[in-house]
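Chain and residue survey
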Amino acid sequence: MSTPSEPAGRPRGGAADSLSSGPGRASWPTPSDPDVSWLRPSPLLLRARRIEVGIVTLPLSLVGGLAGATVSAAAGAGIAAAILVAGLVAERLLARRVASWGYAERQDDLLVRRGVLVRRLSVIPYGRMQYIDVSAGPLERSLGLATVRMHTAAAASDARIPGLERAAAAVLRDQLAALGEAHAAGL
Amino acid sequence: MTTPLPDELPGQAAAGDPARALDDSAWHRLHPLSPLVRAGRQLASLLVLLFGISVLNEHQNNGNLVIDVVVIAIALAGGFVSWLVTRWQVADGVLRIDTGLLRRESRRIPLAQVQAVDVAQTGLARVLGLAELQLRVAGGDSARGGRLACLRRADAEELRRELLAMAAAASQGTRRARLAPAAGLVSGAEQAAVADLAPPCSLARPAGPAPVTGGRATPASLPPARVLFRISPQRLAAAIAASRTGAIAVLAAGATAAAVEISGSAHTVEPFLPVLLGVAAGLWRQFNGAYGTVIVAAPDGIQLRSGLVQTTAETIWPGRIQAVRVTEPLIWRAFGWCRLDVDVAGVRQRRENQAEGQRLRALIPVGSRAEAEQMLSELVASRPRPSRPAPQRVRWKAPLSYHFLGWGSDDRYVVASRGRVCRQTTWVPLEKVQSIRWEQGPLQRRLGLATVHLDVAGRRVSAKIEDRDSAEALEILSRLPDLARAARSGGR
């Protein structure tokens, strides 16, 4: 992609930094107050995601390999290897994806950020939260994790924080519910 | 009886009159002819089916006829039973509808949460002088709305007015009850509550002590309704012809004609018939839905009536509008036409033409720019313009939509325009903003751009401030939450 006429002088969100810099140091915009302290999901989330990738990749490569083996042994081995490599690449990218999750509680609203390729940052005023879900799938449960999901009246505002330790999730849920109550506003 | 929302009582008391008329806890029934109207839909589809079957196989349609008659009889009988077991009541600011024979269902709709009340008429209902009352509440679940089908037309209109008045009173009461103890300054909070309820624009109810429109009060005491917009049938027909549906219709007709011409036999039409019928039905639905649209600024909101065979009447409270969008398709732009939609929280009840339920509500199906401007000035008090264009380098990313991208804001509204062929300009009241999202894709990151979304509680509209300079997007992101908060807390 050719760079247009004025590439220089982008103070933040510049072109090169995010793709080359380490995980978590990507240039996230922090609205208004610079001293927003980002909180991260539990490190166990990375393990959960790795297990997920493994669960998908290993049987898939096995099935693919067997299916390919009906044609020729080389094809089977090739397919299995390709799927395994894809799984490994996904595993390498996981660390950055997991590290991109973060949330920050400000005085009047909650910030949630995520994403590596497409980066998203949501601002959800406490008063706009209609209800808060805490959910945990089987894998998350076995690791003692939970996902907190905030719902506003707008379907588009999708804000969730995965991989919180269960106690922390419960605390966050109660905290948000209380804040929501205090800030409540009608439609 | 339990009162699900006890905090509405002060509102009721404050409202006084409008509540009392209906609030007698008496149970009412629907109109005895309503089974016929409700079966009318099945009846119509059965007739079509019957026609189709008898055309296809002319020989043994006798047996089919018997079956059809039996089916219609069953539908009517079912409708009658459901009429027998359905009753409704208004008590303590709650509309209660009980229905069901085997599975009893009792639905309570707190009037304070009602977003809009519509009156709809199918063709058959119009012949019989009946109408259906539809209540909309916020939330994505259509099962939470209420439907009274059918009542006498005059009764439905009357009930609509009363329910709206009670809803206004009740929601004001709730707000007051909630705000007063929390804020501790009753007068200020009350003012805020009133301010929140009153339409944010020149539609304002008669300035004075009570914004609670006396739905029950004599109509003479209210200012006369102003007609804001009236559609012209010719322009509607022309606009539909120049729309996408029209283009498809022309294409389909042309393809059919070409096929007939090439093959030289009239029988070639047959495989095209379903398509042609579908296209014709689409054209008809658009025309029927928008025909005769009249918009009136009434004391209790903006009243909207439309329909040729099947008519609907809706009332939209300006204070409940989540977004206003003006759409200018390519061909319409040449004629200076546009469409104006509003988005209101809450789903419409499903009904015959479902497509309409999924769309935004078109206030102006097609109108001139001047008409749209006038309507906008009613809906959007201060009209900021999308005056800030996108930076030059957006050309690289969005060559087609670059020239339409822009945004603007003041302390109450944000406006954003976008679109490739069709220009869409969306106004969103800051006080309605539910959440704000900042987004940056890989290409945008290269170019130092970002997009900011403003989500509102409507069905599908979110104002999208697309492709701004990163620094500007950041500034938007840090400023808007504060502005929205200020707008919410009633700083008018």
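For clarity, every value in this text was computed on a predicted model and none was experimentally measured. Residue numbers restart at each chain and count upward from 1, following the sequence in its written direction. The order in which chains are written sets their letters, starting at A; the order in which ligands are written sets their numbers, starting at 1. The predicted origin of the model limits local features to residues at a pLDDT of at least 70 and limits the giving and counting of side-chain atom pairs to 80 or more, whereas totals for whole chains, interfaces and linings rest on all residues.

1. Re the overall build of chain B
For chain B, the helix and strand inventory stands at 16 helices and 20 strands. Residue burial here comes from a neighbour count, namely the number of other C-beta atoms, placed from the backbone, that lie within 10 Å of the residue's own C-beta, with 20 or more meaning buried, 12 or fewer meaning exposed, and in between meaning partly exposed. Among the 492 residues that make up chain B, the fraction classed as buried is 42%. Contacts are defined on C-beta atoms placed from the backbone: any two residues whose C-beta positions lie within 7 Å are in contact. In chain B, the proportion of contacts linking residues at least 24 apart, taken out of those at least 6 apart, comes to 60%. Helix and strand assignments follow DSSP, with helices taken as H or I runs no shorter than four residues and strands as E runs no shorter than two, numbered in order from the N terminus.

2. Some words on the overall build of chain A
From N to C terminus, chain A includes five helices and six strands. In chain A, which comprises 187 residues, the share counted as buried stands at 28%. Expressed as a percentage of contacts within chain A between residues at least 6 apart in sequence, the contacts between residues at least 24 apart total 51%.

3. Quick notes on the sheet that holds strand E3 (residues 105–110) of chain B
Residues and elements named next belong to chain B. The three strands are arranged E1-E2-E3 in an open sheet whose pairing can be described as antiparallel. At either end of the open sheet lies a strand with only one pairing partner, and these are strand E1 (87–91) and E3. Put simply, the sheet's adjacent strands are angled 15 degrees from each other on average, direction ignored. One requirement defines pairing of two strands: DSSP has to find at least two bridges between them. As paired strands, E1 and strand E2 (residues 94–99) are joined by five bridges and run antiparallel to one another. Each bridged residue has a counterpart across the sheet, and for Ala91 the counterpart in E2 is Val94. Angles here are taken between N-to-C directions and fall from 0 to 180 degrees, while the axes themselves are lines fitted to C-alpha atoms, restricted in helices to the stretch in contact.

4. Structural notes on the pairing of strand E15 (residues 406–409) of chain B
Residue and element names in this part refer to chain B. Covered by surrounding structure in E15 are Trp407 and Ser409 only, the residues Gly406 and Gly408 on the alternate face being uncovered. By the bridge criterion, two bridges tie strand E14 (residues 388–389) to E15 in an arrangement that is antiparallel. Looking across to E15, one finds that Arg388 is bridged to Trp407.

5. A closer look at the sheet that holds strand E5 (residues 130–137) of chain B
Residue and element names in this part refer to chain B. Strand order in the open sheet formed by seven strands is E6-E5-E4-E10-E9-E8-E7, with antiparallel pairing between adjacent strands. Looking at strand neighbours, the two that pair on one side only are strand E6 (146–152) and strand E7 (226–230), the edges of this open sheet. Between one strand and the next, the sheet's axes are offset by a mean angle of 20 degrees, whatever the strand orientation. Relative to E5, strand E4 (residues 114–121) is paired through six bridges, and the arrangement is antiparallel. Across the sheet, the residue bridging to Asp118 is Gln134, located in E5. Along the sheet, helix H13 (residues 369–379) contacts E7 and strand E8 (294–298); its crossing angle with E7, the most-contacted strand, is approximately 140 degrees.

6. Concerning the confidence of the model for chain A
Per-chain confidence: chain A averages 79 in pLDDT, with 79% of residues scoring 70 or above. The predictor rates its confidence in each residue with pLDDT, a number between 0 and 100. Overall, residues 1–26 of chain A carries pLDDT values under 50, and its contacts beyond four positions in sequence, including any with other chains, amount to 37 contacts.

7. Quick look at the pairing of strand E5 (residues 145–152) of chain A
The side chains of a regular strand alternate, first on one face of the sheet and then on the other. Residues and elements named next belong to chain A. When strand E4 (residues 129–135) meets E5, the two strands line up antiparallel, connected through six bridges. Looking across to E5, one finds that Ser135 is bridged to Thr147. Relative to strand E6 (residues 158–165), E5 is paired through six bridges, and the arrangement is antiparallel. Note that in E6 the partner of Ala146 across the bridge is Leu164. Between E5 and the antiparallel strand that follows it, E6, lie five residues.

8. What to know about the environment of Ala323(B)
Turning to its location among the elements, Ala323(B) is positioned in strand E11 (residues 321–328). In the structure, Ala323(B) is positioned 109 residues away from Lys432(B) in sequence and 8.4 Å away in space, judged by C-alpha atoms.

9. Side note on the environment of Val56(A)
Assignment of secondary structure puts Val56(A) in helix H2 (residues 44–69). Through-space distance from the C-alpha of Val56(A) to that of Gly87(A) is 8.4 Å; in sequence the pair is 31 residues apart.

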